[in-house]
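A look at the structure
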Amino acid sequence: MPEYKLVISGGRELRGETSVSGGKNTSLAVIPAALLADYPCQIENLPDIDDVRVLVRILRSLGAKVDWHPEAKQMVIDPGTVTSNTVPFALSQKMRASYYLMGALLGRYGSARVGYPGGCDLGSRPIDQHLKGFRALGASIRDENGMIVTEGRLKGANINFDMVTVGGTINVMLAAVRAEGDTLMTNCAKEPHIVDTANFLNRIGAHIRGAGTDTIRIHGVSRLGGASYTVIPDQIETGTLMIAAAATRGDVTLHGCIPTHMEALTAKLLEMGVMVTSQDDVISVKLRQGHRAIRLSTQEYPGFPTDLQQPMSALLTRAVGTSEVIENIFESRFKHLDEMRKMGAKAVINGRVAHIEGVPELHAAPVYAPDLRGGAALVIAGLMAHGTTEIYNPENIARGYEHLENKLNRLGASISRMPCVNEVNGDAIRV
Ligand code: EPU
């Protein structure tokens with residue numbers, strides 16, 4: 001695909017209705033989980049995002065038969081044709097969730113060779129807890145020329161995570177569902193997509209209890225069937241659109257969401273003076289006047305999600321007063337604020353704490369999307385700013401948001417994709 005930039009003509013209110021897409025981080029777990037099945041699985045409500053595209057390439061490279069119809073949001077995965085246990089580095093480093101291939105292949109075939117995972121650069125992102133869980137289940141682990149090789153006949157075990165990890169909880173769950181005997185996992189993460197992945201696995205015959213609490217019990221089974229399963233809506237896309245609506249002082253109604261997943265964000269928006277109402281699977285967000293500064297601290301679910309810290313801190317750059325944002329989950333998740341300073345934002349960053357002094361207005365500037373949610377934060381900044389903002393490296397956004405600019409444009413934004421052409425010699429710019 002040719003390189004492009006996003007060009008945003010700012011200052012327009014978002015108004016109207018749109019629907020939320022299927023969950024990115026749920027889909028990235030459920031698709032590898034389908035490799036554990038003994039029969040084909042049909043997954044519904046999948047988002048059309050680049051990370052899913054990479055996962056499809058990975059599954060096909062293993063020999064799985066994958067029929068994906070993005071327009072129908074549907075994928076059929078037949079693991080019966082898998083012939084390989086190897087995910088090459090070139091594919092694994094394209095995304096974070098490639099680590100789930102370790103748990104799924106190990107759990108199903110007793111061995112996996114997977115390159116180190118990639119994903120957003122948010123500081124150090126070790127996977128020691130995933131490996132600790134596999135080891136406890138009886139797997140041996142070695143590093144073979146940059147590939148992580150795990151193998152062994154797995155037996156149920158007790159695993160207490162040293163810290164709350166979303167990826168670790170899901171990965172060890174994947175490995176344990178077909179292990180012999182019972183597994184007890186404690187200090188687990190409780191995110192909605194952990195529950196969704198467990199629900200999918202139970203639908204195909206696994207025996208998982210307690211997902212969504214800090215204790216998960218798994219009774220290993222020797223066979224798993226196939227099934228049709230619909231993934232939950234994307235909590236982070238929902239939140240990003242809610243924040244974008246407030247940022248433009250707009251009036252937006254979102255359909256197909258799960259309001260209980262949004263409680264931490266909703267509480268903070270209400271505290272800022274944004275009007276948020278919800279009923280069944282619909283959330284409406286409206287803002288007429290200025291919004292207030294707040295104190296925000298990211299936590300594991302049900303706390304305020306780190307993935308919404310970046311979009312939210314973009315909104316805070318225009319609040320009345322000075323906000324304090326504490327990022328507890330990742331060590332480096334404020335790069336978008338460095339970019340936003342070019343647009344007139346006032347932010348002082350000290351390690352994991354950012355103090356953001358609200359300014360009356362932002363102005364347009366060329367900026368660089370440092371990562372997925374940081375890119376979304378810059379889109380929100382561009383929507384608020386006067387003038388025409390250019391966002392370079394928007395590929396980061398397409399990894400995890402389904403056609404974000406189309407959705408926003410239908411609500412009244414003006415965002416277009418333009419080729420990155422160097423005005424001096426006409427070459428595509430590599431950023
Ligand atoms: N951690 C360890 N060791 C481990 C695992 C995690 O030290 O073995 C640390 C991490 O370094 C981090 C913290 O524990 O400081 C939490 O990491 P976690 O494992 O929960 O995160 P992750 O699995 O790497 C997933 C999502 C992220 C989301 C986080 C937190 C996927 C593919 N990624 O990452 O999503 O921010 O959970 O909710 O599900 C995104 O969508 O933009 C994104 C980054």
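Residues numbered from 1 in each chain as written. Predicted model: local features only at pLDDT ≥ 70, side-chain atom pairs only at ≥ 80, totals over all residues. Heavy atoms only, no water.

Here's the deal with helix H7 (residues 192-203)
Note the threshold: Each helix is a run of DSSP H or I of at least 4 residues and each strand a run of E of at least 2, with the numbering of both proceeding from the N terminus. The span expected for a helix works out to 1.5 Å for each residue beyond the first. Using a 1.4 Å probe on the protein chains alone, a residue whose accessible area is under 20% of its type maximum counts as buried, one over 50% counts as exposed, and one in between counts as partly exposed.
Here H7 contains 12 residues, and its C-alpha end-to-end distance of 16 Å stays within 8% of the 16 Å for a straight helix at 1.5 Å per residue. Those residues of H7 that fall on the buried side of the exposure criterion are Pro192, His193, Ile194, Asp196, Thr197, Ala198, Phe200 and Leu201. One or two residues past the end of H7 sits Gly205, with phi positive at roughly 115°.

Things to note about the site of the ligand
Applicable threshold: Near residues are defined by distance, with any heavy atom within 4 Å of the molecule or strand qualifying the residue. Distance and chemistry together define a polar contact, namely a pair of N or O atoms within 3.5 Å, with one atom able to donate a hydrogen and the other to accept it when in protein, and with adjacent residues in sequence counting only for side-chain atoms on both sides. Using the Shrake-Rupley algorithm and a 1.4 Å probe, accessible areas are obtained, with residue cover drawn only from the displayed protein chains.
Around the ligand, the structure places 24 residues, and the nearest of them are Tyr99, Gln129, Thr165, Asp307 and Ile329. Asn25 has a polar side-chain atom sitting 3.1 Å from an oxygen atom of the ligand. A distance of 2.5 Å is found between an oxygen atom of the ligand and a side-chain nitrogen or oxygen belonging to Asp307. In isolation the ligand offers 830 Å² of accessible surface; the protein chains occlude 90% of this area. Breaking the shell around the ligand down by element, the ones donating at least two residues are helix H1 (24-33), helix H5 (128-136), helix H6 (166-176), helix H10 (306-316) and helix H12 (372-384).

As for the nonpolar core
The nonpolar side chains of a soluble globular protein tend to be buried, and buried together. Condition: The definition of a nonpolar core used throughout is a set of buried Ala, Val, Leu, Ile, Met, Phe, Trp, Tyr and Cys residues joined through side-chain atoms within 4.5 Å. Residues are treated as being in contact if the distance between any of their heavy atoms lies within 4.5 Å.
Ranked by size, the top nonpolar core spans 74 residues in total, and within it Leu101, Phe200 and Leu201 carry the most contacts. Of the residues forming this core, the biggest block, seven residues, is contributed by helix H2 (residues 50-62). When sequence neighbours within four positions are dropped, the list of residues in contact with Leu101 reads Pro32, Leu35, Leu55, Ile58, Leu59, Leu62, Val87, Leu106, Ala112 and Val114. Ranked by size, the runner-up nonpolar core spans 70 residues in total, among them Ile294, Ala319, Leu337 and Val367.

Regarding the pairing of strand S5 (residues 74-78)
The condition is simple: Pairing between strands requires that DSSP locate at least two bridges from one strand to the other.
Every second residue of S5 is oriented toward a common face, the buried set being Met75 and Ile77 and the non-buried set Gln74, Val76 and Asp78. Alignment of strand S3 (residues 41-44) against S5, held across three bridges, turns out to be antiparallel. When the sheet's bridge partners are listed, Gln42 is paired in S5 with Val76.

Structural notes on the environment of Gly321
Structurally, Gly321 is set in the loop between H10 and strand S19 (322-326). Considered as a pair, Gly321 and Ser284 are 37 residues apart in the sequence and their alpha carbons are 25 Å apart. Other than its neighbours up to four places away in sequence, Gly321 contacts Ala293, Ile356, Glu357 and Gly358.

Points about the sheet that holds strand S18 (residues 295-297)
Basically, it comes down to this: Fitted lines through C-alpha atoms give the axes, limited to the stretch in contact for helices. The angle between two N-to-C directions lies from 0 to 180 degrees.
Overall, mixed pairing links the four strands, which are arranged S18-S19-S21-S20 in an open sheet. Here the strands that pair on one side only, and so sit at the sheet edges, are S18 and strand S20 (346-350). Neighbour-to-neighbour, the strand axes of this sheet turn through a mean angle of 15°, independent of strand direction. As judged from the five bridges shared by S20 and strand S21 (residues 353-357), these two strands associate in the antiparallel manner. Looking across to S21, one finds that Val348 is bridged to His355. Its contacts with the sheet place H10 against S18, S19 and S21, and it is angled at close to 170° to S19.

A few points about the side chain of Asp51
Looking at where Asp51 falls in the secondary structure, it is placed in helix H2. A relative accessible area of 2% means that Asp51 is categorised as buried. At a separation of 3.1 Å, a polar atom in the side chain of Asp51 contacts the side chain of Arg399.

Structural notes on the pattern of salt bridges
The criterion, for reference: Put simply, a salt bridge is a Lys or Arg side-chain nitrogen that is within 4 Å of an Asp or Glu carboxyl oxygen.
Scanning all chains against the criterion turns up 21 salt bridges. Between Glu180 and Arg153 there is a salt bridge, with the nearest N and O atoms lying 3.2 Å from each other. With Glu180 in the loop between H6 and strand S11 (182-186) and Arg153 in the loop between strand S9 (147-151) and strand S10 (158-160), this residue pair connects regions lying 27 residues apart in the sequence. Here Lys268 ties to Glu271 by a salt bridge, and the two come within 3.0 Å at their closest N and O atoms. A residue pair is termed a helical-turn pair when its members lie 3 or 4 positions apart in one helix, as Lys268 and Glu271 do in helix H9 (residues 263-272) at three residues. Exposure remark for Lys268: the relative accessible area of 19% places this residue in the buried category. Judged by its relative accessible area of 38%, Glu271 is partly exposed.

Some thoughts on the sheet that holds S5
Read across the open sheet, the four strands follow the order S4-S5-S3-S14; overall the sheet is mixed. Since the sheet does not close on itself, it has two edges, and those belong to strand S4 (65-69) and strand S14 (228-230), each with one partner. Taken over all neighbouring pairs, the strand axes of this sheet differ in orientation by 15° on average, direction set aside. Note: S4 against S5, five bridges, orientation antiparallel. Its bridge partner being in S5, Trp68 is matched across the sheet by Met75. On top of the sheet, H7 reaches S3 and S14; it is set at about 165° to S14, its chief contact.

Details of the packing of aromatic side chains
The condition is simple: Pairs were defined over the aromatic rings of Phe, Tyr and Trp, the Trp ring being its six-membered one, requiring ring centres within 6.5 Å. Orientation was assigned from the angle between planes: stacked under 30 degrees, edge-to-face over 60, tilted for the rest.
Tallied over the entire structure, the rule returns two aromatic pairs. Judged by centre distance (5.7 Å) and plane angle (65°), the ring pair of Phe200 and Tyr229 falls under edge-to-face. With Phe200 in helix H7 and Tyr229 in strand S14, this pair connects stretches of sequence that are 29 residues apart. For the pair Phe200 and Tyr229, a shared accessibility class is recorded, and that class is buried.

Re the domain arrangement of the protein
Accessible area lost upon the coming together of the parts serves often as the stated size of an interface. Just so we agree on the cut-off: These domain limits were set by an automatic method or by a database of domain assignments. Put simply, buried area is the surface a 1.4 Å probe can reach on two separate parts but cannot reach once they are joined, added for both.
Segmentation of the protein into domains returns domain 1 (4-21 + 233-419) and domain 2 (24-230). For domain 1 versus domain 2, the distance between C-alpha centres works out to 30 Å. Opposite the 22 residues of domain 1 that make contact, domain 2 presents 22 residues. For the domain 1 and domain 2 pair, buried surface summed over both sides reaches about 1900 Å², with 51% attributable to carbon and sulfur atoms. Taken as a group, Tyr301, Arg399 and Glu402 account for 34% of the area that domain 1 buries against domain 2, more than any other trio of residues on that side. Applying the counting rule to domain 1 against domain 2 returns two salt bridges. Our enumeration of links across domain 1 and domain 2 arrives at seven residue pairs in polar contact (both at pLDDT 80 or more).

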